[in-house]
Amino acid sequence: LWSGGHFGWLCQRLSSKSRAQLSSIRAATGVEPAKAAVTRAWEKHADLTASQGMILRLLWKLYDMFPGELSTQAVNKEYLVKNWSEYLTFFAHYAWPLRETREIE
């Protein structure tokens, strides 16, 4: 992962959205998402959440293994701040999709 240069790719996956998230945004703002966003969106929100959780675990382990290099890349290339802020912004501003379903519990 580290030597292959996948750190940026992993960070970008944090800003992925599911179709359920796009629906929540549309309900809150009244703005239709772009067709490209709908095409790229994950079909199941639970799958997206699981993959983002795994990505966060990988980033944590990468930091444990390469703290200096990871920190330098994160700051110089703005990998974490940009994608992390987009990830957190959704959960701070919009209702969580599927929060009442057993699948999420």
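Throughout what follows, the structure given in this document is the object of discussion. The structure presented is a predicted model; accordingly, all values stated were derived computationally and were not measured.

## Regarding the overall build of the protein chain
And step 1. In terms of helices and strands, the protein chain carries six helices and zero strands.
And step 2. Secondary structure elements of the protein chain, listed N to C terminal, follow the sequence α-α-α-α-α-α.
And step 3. The buried share among the 105 residues of the protein chain stands at 29%.
And step 4. Residue pairs at least 24 apart in sequence account for 74% of intrachain contacts in the protein chain once pairs closer than 6 positions are excluded.
And step 5. Carbon and sulfur atoms make up 57% of the accessible area of the protein chain, which amounts to about 7200 Å² in all.
And step 6. One finds the centroid of the 13 positive side-chain charges in the protein chain at a distance of 4 Å from the centroid of its 10 negative side-chain charges.

## A closer look at helix 4 (residues 45-65)
And step 1. When the terminal C-alpha atoms of helix 4 are compared, their 30 Å separation across 21 residues agrees well with the 30 Å that a helix rising 1.5 Å per residue should span.
And step 2. Of the surrounding secondary structure, the elements contacted by the buried residues of helix 4 are helix 1 (7-13), helix 2 (19-29), helix 5 (67-76) and helix 6 (79-93).

## Considerations on the packing of aromatic side chains
And step 1. This structure, assessed with the given rule, holds one aromatic pair.
And step 2. Relative to tyrosine 79, the ring of phenylalanine 7 lies with its centre 5.4 Å away and its plane at 85°, an arrangement referred to as edge-to-face. On the criterion of sequence distance, the pair formed by phenylalanine 7 in helix 1 and tyrosine 79 in helix 6 is long-range, its members being 72 residues apart. There is no split in this pair, since phenylalanine 7 and tyrosine 79 are both buried.
And step 3. One residue, lysine 61, lies across the ring of tryptophan 60, its end atom 5.2 Å from the ring centre.

## A few points about the pattern of salt bridges
And step 1. Counting across every chain of the model gives one salt bridge.
And step 2. Of the charged contacts in the structure, one is a salt bridge between arginine 26 and glutamate 32, with a shortest N-O distance of 3.6 Å.
And step 3. You can call glutamate 32 exposed: its relative accessible area is 57%.

About the criteria used
Along each chain, residues carry numbers from 1 onward, in the same order as the chain's sequence is written. Residue-level local features of this predicted model are given only where pLDDT is at least 70; pairs of side-chain atoms are given and counted only at 80 or more, and the full residue set underlies all totals for whole chains, interfaces and linings. No hydrogens and no water enter the side-chain calculation; it runs on all heavy atoms of the structure. Secondary structure is summarised from DSSP: a helix means a run of H or I of at least four residues, a strand means a run of E of at least two, and numbering begins at the N terminus for each. To sort residues, take the accessible area from a 1.4 Å probe on protein chains only and compare it with the maximum for the residue type: under 20% means buried, over 50% means exposed, and anything in between is partly exposed. By definition in these notes, contact holds between two residues if any of their heavy atoms fall within 4.5 Å. Here the Shrake-Rupley method, with its probe set to 1.4 Å, supplies the accessible areas, and only the displayed protein chains count as covering residues. Only four residue types enter the charge count: Lys and Arg as positive, Asp and Glu as negative, with His and the chain ends excluded. Note on charges: their place is set at NZ of Lys, CZ of Arg, CG of Asp or CD of Glu. Here the expected span of a helix is defined as 1.5 Å times the quantity of residues minus one. Geometry of aromatic contacts follows a simple scheme: Phe, Tyr and Trp rings, the Trp one being its six-membered ring, pair when their centres are within 6.5 Å, and the pair is stacked under 30 degrees between planes, edge-to-face over 60, tilted otherwise. We call a charge positioned above a ring when the Lys NZ or Arg CZ atom is no farther than 6 Å from the ring centre and deviates by at most 35 degrees from the ring normal. Whenever a carboxyl oxygen of Asp or Glu lies within 4 Å of a side-chain nitrogen of Lys or Arg, that contact is scored as a salt bridge.

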